[in-house]
Amino acid sequence: MAEMEVAGSGAGGSPEAGSGSGWRRPHGPLQRYYGPSAAEAVEAAPDPTDINGPHFDPEVFLTKVRSECPLGQLLAREAALGREIRALDSDMQTLLYENYNKFISATDTIRKMKVDFRRMEAEMDDLAANMAAISTSSARVSAALQDRHRRGAQLAGVQALLRKLQSLVEVPGRLRRWAAPGAEPARALRCHARARAVLRHYRHLPSFRAIEDESHAIMAELAQRLRTRLRDDTLDPKELTECVEMLLQLEEPPEELCEEFLSHAGTRLEAELAALEAELPPADPSGAAATPPPTSDILDFVDRGSSAFVGNLCLLAASYRSLFEGRPGAGDGRLEAFAATLTTRYFELLERRLALERGLGDTSLLVRALDRFHRRLRALLELLPAAGAEAGAALVARAARERVDRYLRALQTFFLGCLGDVRQALAAPRPPGKEGPGLPDLLATLASSVLGQLKAVLAYVQLFTAKDVAFASLPYFKGEFCVEAVREGLVVAFVRWLCRTARGFADGPAERGAPAAPPALLLLLARLCLDYEATTISYILTLTDEQFPPQDTGPVVTPGPALCAEARGAAQRLLDHYVQVQGAAVAQMLRKSVETRDWLGTVEPRNVRAVMKRVVEDITAIDVQVGQLFEEGVRRAQSSDSSRRAFSVYSSSRAPGRYAPSYTPSAPMDTHLLSNIQKLFSERIDIFSPVEFNKVSVLTGIIKISLKTLLECVRLRTLGRFGLQQVQVDGHYLQLYLWRFAADERVVQGLLDEVAASAAHRCLDPVPMEHSVVELICERGPPRVTLENSLHLSLVKSLVTMDSPDVLERWTDRQTLLLEEIRSI
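Cut-offs used in this document
Residues numbered from 1 in each chain as written. Predicted model: local features only at pLDDT ≥ 70, side-chain atom pairs only at ≥ 80, totals over all residues. Heavy atoms only, no water. Helix = DSSP H or I, 4+ residues; strand = E, 2+ residues; numbered from the N terminus. Buried < 20%, exposed > 50% of the residue type's maximum accessible area, 1.4 Å probe, protein only. Contact = heavy atoms within 4.5 Å. Areas by Shrake-Rupley, 256 points an atom, 1.4 Å probe, with all protein chains shown as cover. Phe/Tyr/Trp six-rings, centres within 6.5 Å; stacked < 30°, edge-to-face > 60°. Lys NZ or Arg CZ within 6 Å of the ring centre and 35° of its normal. Core = buried A, V, L, I, M, F, W, Y, C linked by side-chain atoms within 4.5 Å. Axes fitted to C-alpha atoms, helices over the stretch in contact; angles between N-to-C directions. Parallel < 35°, antiparallel > 145°, perpendicular 65-115°, else oblique. Left-handed = near helix turned anticlockwise from the far one by under 90°. Nonpolar A, V, L, I, M, F, W, Y, C, P; charged D, E, K, R; others polar. Polar contact = N/O pair within 3.5 Å; in protein donor to acceptor, adjacent residues only side chain to side chain. Salt bridge = Lys/Arg side-chain N within 4 Å of Asp/Glu carboxyl O. Patch = residues over 30% accessible without salt bridge, like charges linked within 9 Å, V, L, I, M, F, W, Y side chains within 5 Å. pLDDT = per-residue confidence, 0-100.

**So, the overall build of the protein chain**
Helix and strand counts for the protein chain come out as 27 helices and zero strands. Expressed as a percentage of the 825 residues in the protein chain, the buried residues total 39%. Contacts spanning at least 24 positions in sequence make up 83% of the contacts within the protein chain whose residues lie at least 6 apart. Accessible surface, the protein chain as shown: approximately 45,300 Å² in total, 57% of it carbon and sulfur.

**As for the packing of aromatic side chains**
The final tally for this structure, using the stated rule, is 10 aromatic pairs. Linked through ring pairs, Phe309, Tyr346, Phe347 and Phe373 together constitute an aromatic cluster. Directly above the ring of Phe630 sits Arg527, whose terminal nitrogen or CZ lies 5.2 Å from the centroid. The ring of Trp599 has Arg597 lying over it, and the distance from NZ or CZ to the ring centre is 5.5 Å.

**Considering the nonpolar core**
With 175 residues, the main nonpolar core has Phe415 and Phe481 as its most contacted residues. Looking at this core, the element that brings in the most residues is helix α16 (residues 475-507), giving 16 residues. With sequence-adjacent residues up to four places away left out, Phe415 is seen in contact with Leu446, Val450, Phe494, Trp497, Leu498, Thr501, Leu525 and Leu528. Of all hydrophobic cores here, the second largest spans nine residues; its members include Leu168, Val171, Ala195 and Phe208.

**Quick notes on the packing of helix α8 (residues 206-230) against helix α9 (residues 237-249)**
Helix packing geometry: the angle between the two helix axes and the distance between the axes. Between α8 and α9, whose axes approach to 10 Å, the crossing angle comes to 150°. Between α8 and α9, the interaxial angle falls into the category roughly antiparallel. Considering only the axes of α8 and α9, their crossing is left-handed. Residues Ala223, Leu226, Arg227, Arg229 and Leu230 of α8 touch α9, and the partners they reach there are Glu239, Leu240, Cys243, Val244, Met246 and Leu247. The residue inventory of the contact of α8 with α9, partitioned by class, reads eight nonpolar, no polar and three charged.

**Comments concerning the side chain of Thr596**
You can see Thr596 is positioned in the loop between α18 (560-595) and α19 (610-627). Among the polar contacts listed, one links the side chain of Thr596 to the backbone oxygen of Lys592, at a separation of 2.5 Å.

**Topic: the pattern of salt bridges**
Applying the stated criterion across every chain yields a total of 28 salt bridges. A salt bridge links Arg375 to Asp371; the nearest nitrogen and oxygen atoms lie 2.9 Å apart. Taken together, the positions of Arg375 and Asp371, both in helix α13 (residues 363-383) and four residues apart, correspond to about one turn of that helix. The class of Asp371 is buried, set by a relative accessible area of 11%. Three or more residues are tied together by salt bridges with common partners; here these are Glu270, Glu277, Arg345 and Arg352.

**Comments concerning the packing of helix α23 (residues 721-738) against helix α25 (residues 771-779)**
Running from amino to carboxyl end, α23 crosses α25 at an angle of 60°, the nearest separation of the two axes being 9 Å. For the element pair α23 / α25, the angle class is oblique. The interaxial crossing formed by α23 with α25 has right-handed handedness. Of the residues in α25, those in contact with Gln728, Val729, His732, Tyr733 and Leu736 of α23 are His771, Val774, Glu775, Ile777, Cys778 and Glu779.

**What about a nonpolar patch on the surface?**
Together, Met113, Phe117, Met120, Met124, Leu127, Met131 and Ile134 make up a nonpolar patch on the protein surface, roughly 730 Å² of accessible area in all. Among the structural elements, Phe117 can be located in helix α6 (residues 71-178).

**Some words on the side chain of Thr558**
Turning to its location among the elements, Thr558 is positioned in the loop between α17 (519-547) and α18. For Thr558, a relative accessible area of 11% gives the class buried. A distance of 2.6 Å separates a polar atom in the side chain of Thr558 from a polar atom in the side chain of Glu488. Look past the residues within four positions of Thr558 in its chain and what remains in contact with it is Arg487, Glu488, Val492, Arg496 and Leu563.

**Regarding the confidence of the model for the protein chain**
Looking at the protein chain, pLDDT values average 76 and 76% of them are 70 or higher. Taken together, the stretch residues 1-26 has pLDDT below 50 and engages in 33 contacts with residues farther than four places along the chain or on a different chain. Counting contacts from residues 650-669, a segment whose pLDDT is below 50, to residues more than four positions away or on other chains yields 22 contacts.

Next comes the structure, spelled out in structure tokens:
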């Protein structure tokens, strides 16, 4: 059934079926009337059932429809055909009405054209006849007047000749009238130029020779007055040009006129340069005298120089070219040499004025001044290419490079000022209960201030490469300025200087009497350099390359990893120096505490010495300080009894009870031999090894330096029994508190074991204290500050900064007397 419906609808050619294939109803009748095109007839296959096709066969169509369609579809098809027939009749009627009116109008138009063309053809025939009669009459008139025309032409020629002779006779009078002072010499020159050729041609005639001689005398007098006027210094460039031009028209020698022209112009231009030089302070080669500030800004100076000197020089060059171009003896490079001398002096004056811009000032003002100078110079170079093009471009480049160098010095001064503020904040006294800014805040302020200042400087320097600046199109500003001046000379140089300055706090020897850098400043600078290595350097270089893109074939630039390596090296050196300074401070306190104590006559220990508590407090404070800027770091896995490990006067691998009964003064070599054997199998401790950038590594380095100093000081002292026991108590106390700060507790344990072994070796009566008693003394809380400990601690604090052996000996004697009085009480 579907196939039958499709066939029926296609065969019927209904509008609904035809709408999908683009069939339009009004064109159907015309297509059937005119038939399909040749291309459509060739392409379309013959279909006798296509009601709209040229091969339609009604019998075949009806047979197909009756055999394929049911009754209901046949009735519907009949109704559709009826509607189509009515619609086609309506369309045919509409087309007929429309075309009928058009055909009527066309017929009327053609009828009118036939009538008009007949009348026009008759008029054209009459016109042709009239033109022929006119031609005949004109030929008769021309033949009759030919003789008269010939005679009239001859008379006209005689009249023109007489007028010329009359004008020649009047030439001397006109020249005398126009060449008089204050008259019109230009009209006299034009009149003489018109008559000169004729007078020369007929000078063999006496009358013409007399006129020529009189004219030459008048023009010679005019030339003399013009030369007198040429020597007048008050002539402006326009009057000078007019005077020279008239002398050239009088056939004066071009060589002499060229010299006088350049001499007069040079005098005027020299006066303008002298006026510019008067605005500058006198040059002082020694530089001893203070140079006063300029009276006007650089833009006003350049404007005056450009409008007066450069403008007049351009006018001079244009006038010289128009006057002497192509004349013999005047085009041999005189103008180029003359202009090069003057422009060189002008460049020197401008460079002196630029040298007075010692401060940073307004960079946009400097850029505008250089832009105007370059634009006027470019206009001059179009007339005189050899007038110092390279010198002018080099002057602009030097001015830009000098401003970049000043910005570098300003950045360095700014960074030093920020460091001074940080040092003042670290050294400022704090009232009780009020805390100052922490190290993270100081670091953030310092880093943000320096980075913000650097970005502001780059924004100012970018004015030299703006698109609206004329000299930005020079090759120097497209390549060398962006790379060598800005990237290398400013950004890279500042980063390297910053790293060197920071490293100088660790490498440079302190001047005599100069305060040393506080340890907190070393730590802060180390963190700053580390941050530069991590992110800041790459950010700065990326920003610089975006604002000042380098050329592919430009000079080699410093790679970012090289700068990062320098910053990391500076951070490593600062952190190592911080460890050495802090370790030396704690070591100095331990050294003074050992050197100022009587270890042979000391009493039996009942408390830990106060200096050990101070050591633990200082290490704790350092831990807090380092933890503000650096991460915790990785610690070695701690044993479960780190804080309870036994501390012996012998090696930590030996139990004290096993060797204590057998230790007698008769066998000192046994313990010394065992200690040396133990060292052979223990891990070597590098005291001054580089630290890592974390807290536990820094604290480990400080602890190693402190305990190593304690070990060396104990080796130089001779101890009694109670002195050995005091060392044992102090060592156990340090072990209880210091192991948690180190990356590996075995480092602390090993150094303290060496201290104990050295103390036992240097002891005259090596009888150690029972371990339980040592633990009891160390674990009953913070040590009670006795009178002896107070005196000892005050003595240590006083002697930490004393290096004189005499002062140390006096303090040692005084302490010994005080201790003896205490014991007697």
